[in-house]
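Chains, contacts and geometry: an overview
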Amino acid sequence: MNRKSAVSDILKQKIKGLKCRECGKLYPPVALHVCEFCFGPLEVDYNYDEIKRHISHERIENGPKSLWRYADLLPVEGYPTVGLYAGLTPLIEAKNLGTELGLNRLYIKNDTVNHPTLSFKDRVVAIAITRAKELGFSAVACASTGNLANSVAAHAAEARLQCYVFIPGDLEAGKILGSLIYAPTVIAVNGNYDDVNRLCSEVAGEYNWGFVNINIRPYYAEGSKTLAFETAEQLGWRAPDHVVVPVASGSLLTKIWKGFNELKMLGLIESVPTRVNGAQAEGCSPVATAFKEGRDFIKPVKPKTIAKSIAIGNPADGYYALKAVHESKGAFDTATDGETIEGIKLLARTEGIFAETAGGVTIAVLKKLAMNGLIPKDDTVVAYVTGNGLKTQEAVINAVGDVVRIEPSMDSFEKTLSIKK
Ligand SMILES: *Cc1c(COP(=O)(O)O)cnc(C)c1O
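Residue numbers run consecutively from 1 along every chain, following the written order of its sequence. This being a predicted model, a pLDDT of at least 70 is required before a residue's local features are given, and a value of 80 or more before pairs of side-chain atoms are given or counted; all residues contribute to the totals for chains, interfaces and linings. With hydrogens and water set aside, each side-chain value is computed from the structure's full complement of heavy atoms.

1. Details of the site of the ligand
Around the ligand sit 15 residues, and of these Lys-121, Ala-248, Ser-249, Leu-252 and Thr-386 come closest. Under this definition, polar contacts are N or O atom pairs within 3.5 Å; protein pairs additionally need one hydrogen-donor-capable and one acceptor-capable atom, and for neighbouring residues in sequence, both atoms have to be side-chain atoms. Interatomic distance of 2.9 Å between a backbone N/O atom of Ala-248 and an oxygen atom of the ligand. In this structure, Ser-249 approaches the ligand through a side-chain N or O atom, which is 2.6 Å from an oxygen atom. If the ligand stood free it would expose 380 Å²; the protein chains cover 98% of that surface. In this classification, Asp, Glu, Lys and Arg are treated as charged, Ala, Val, Leu, Ile, Met, Phe, Trp, Tyr, Cys and Pro as nonpolar, and every other residue, Gly included, as polar. Looking at the shell around the ligand residue by residue, the classes come out as seven nonpolar, six polar and two charged. Proximity criterion: a residue is near a molecule or strand once any of its heavy atoms comes within 4 Å of it. Only the protein chains shown count as cover for residues, with accessible areas throughout obtained via the Shrake-Rupley method and a probe of 1.4 Å.

Written out as structure tokens, the structure reads:
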């Protein structure tokens, strides 16, 4: 596919600029993420009147088989230049898992098979690196819990940009190798993600790099909306009654809520009955704890969990994620490390999907919400499974059975297994 055919035609002046989520101050669409007046986060401001005149189900359905079919609602100005195959992952009707959990209309949005690095981060990075190129950066970087580093490194290789990825020192081997293979500079920081992020904010102030989740965060974050867009389209242009979303910085959850509401505002779906439910690991649950304690502010925590990809103790968008859960009348719950491993195994055993730890947290929380009656059995539910289990094998290596070892003979086979013929 060439870059032009990745999008049918480009809307002119679709992006108005950036806008502060708190005070509303407007900025041009440059590499900036914090309001200079009130320090609020900046968000992309679209020309919805223009978009509404052009967008339709047909225009989207005739688009490419990737997230670029929603280019009208994404913050790039020209044709996409990297990440042309990200998104449009399967929405799987999870009959077996549904039967176990007593849910009749359960779906798994399977981002374990996203292109090219097997996590939902390929969505946000396809947008961020395309935009970084539009903004003229020759080097890109990120602060990452693992999956973002993998995706930025892969897309930077494709885009032939210099690449610096910063990760916590104690990541899983599969996550580290999954970055190194693309030959970026991988900087392992002795500290947790929050230390890495703090350092990166300082580095971003001194070096003219496109930090996908810092100075170009407003563009990056919009990529997560495509999970809502695809879900609605795959359900026949309808928003589900419930979603269950893993929460790290809180950006993904916030943008899924925004995505459904944008579709409604543009007349592409009729209503948004969706309750947005957040899932965190018990050992790193600052947003879930604020929800349970009825607070509207987040108290940072020190992460201690096997779910490293979502171990952010001081989440940048935690406040907005909490707000989205309240607005949508959803809930939050948490999973212990043991429940996370059981969640990974349950999804694998019932649906044949091998998720990473974040997926284990999501499935464990889905189970709790169903058991607690927060998800009625005939409601349509979508659980977002955001990363691939092959990258976090350490988490389950002691929790799976062992092989049956035999000699290469019929005799040994039959003696060892004694299966009835
Ligand atoms: C990054 C990530 C998330 C959540 O990201 P947010 O920071 O909340 O947007 C969820 N699952 C996986 C596997 C991730 O890598």
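2. Comments concerning the nonpolar core
Most often, soluble globular proteins keep nonpolar side chains buried together rather than apart. If you look at the biggest cluster of nonpolar residues, it comprises 120 residues, and the most contacted ones within it are Leu-97, Val-152 and Leu-366. Delimitation of the domains relies on an automatic or database domain assignment. When residues of this core are assigned to domains, at least three fall in each of domain 1 (3-84 + 121-220) and domain 2 (91-116 + 224-395). With 11 residues, the next largest nonpolar core counts Ile-10, Leu-67, Val-76 and Ala-126 among its residues. Within this scheme, the nonpolar core is defined by two criteria: the residues are buried Ala, Val, Leu, Ile, Met, Phe, Trp, Tyr or Cys, and they are joined through side-chain atoms within 4.5 Å. Burial classes follow relative accessibility: with a 1.4 Å probe on protein chains only, a residue under 20% of its type's maximum area counts as buried, one over 50% as exposed, and anything between as partly exposed.

3. Overview of a nonpolar patch on the surface
Patches here: salt-bridge-free residues with over 30% relative accessible area, like charges joined within 9 Å, nonpolar side chains (Val, Leu, Ile, Met, Phe, Trp, Tyr) joined within 5 Å. Think of a salt bridge as a Lys or Arg side-chain nitrogen and an Asp or Glu carboxyl oxygen that are within 4 Å of each other. Judged by side-chain polarity, Val-404, Ile-406, Met-410, Phe-413, Leu-417 and Ile-419 come together as a nonpolar surface patch covering roughly 540 Å² of accessible area. The residue Leu-417 is located in helix H15 (residues 410-417) in this model. Comment: elements are numbered from the N terminus, with helices defined as DSSP H or I runs of at least four residues and strands as E runs of at least two.

4. Observations concerning the domain arrangement of the protein
As a measure of interface size, the accessible area lost when the parts come together is often cited. If you check the domain split of the protein, you get domain 1 (3-84 + 121-220) and domain 2 (91-116 + 224-395). The straight-line distance from the C-alpha centre of domain 1 to that of domain 2 is 22 Å. In what follows, a contact means two residues having at least one pair of non-hydrogen atoms within 4.5 Å. Taken together, the contact between domain 1 and domain 2 spans 38 residues of the former and 39 residues of the latter. Counting the surface domain 1 buries against domain 2, the share from its top three residues, Tyr-70, Arg-123 and Glu-172, is 20%. In this structure, Lys-255 and Glu-43 form a salt bridge, with 3.1 Å as the shortest nitrogen-oxygen distance. One can count 26 residue pairs in polar contact (both at pLDDT 80 or more) joining domain 1 with domain 2. Two parts placed together each lose some accessible area under a 1.4 Å probe, and adding up what both lose gives the buried area.

5. Looking at the sheet that holds strand S4 (residues 91-93)
Strand order in the open sheet formed by six strands is S4-S5-S13-S10-S11-S12, with mixed pairing between adjacent strands. The open sheet terminates on both sides in strands that have one partner only, identified here as S4 and strand S12 (332-335). The mean angle between the axes of side-by-side strands here comes to 25°, regardless of whether they run parallel or antiparallel. Two strands qualify as a pair provided DSSP detects at least 2 bridges between them. Bridge count for strand S11 (residues 275-281) against S12 is four bridges, and the pairing is parallel. What counts as an axis is a line fitted to C-alpha atoms, over the stretch in contact for a helix, and the angles between N-to-C directions run from 0 to 180 degrees.

6. Quick look at the sheet that holds strand S8 (residues 185-189)
The four strands are arranged S8-S7-S6-S9 in an open sheet whose pairing can be described as parallel. Across the chains shown, the open sheet's two edge strands, defined by having one partner strand only, are S8 and strand S9 (210-211). Sheet topology note: the strand S7 (residues 162-168)/S8 ladder contains five bridges and is parallel. Opposite Phe-166, over in S8, you have Ile-187 as the bridge partner.

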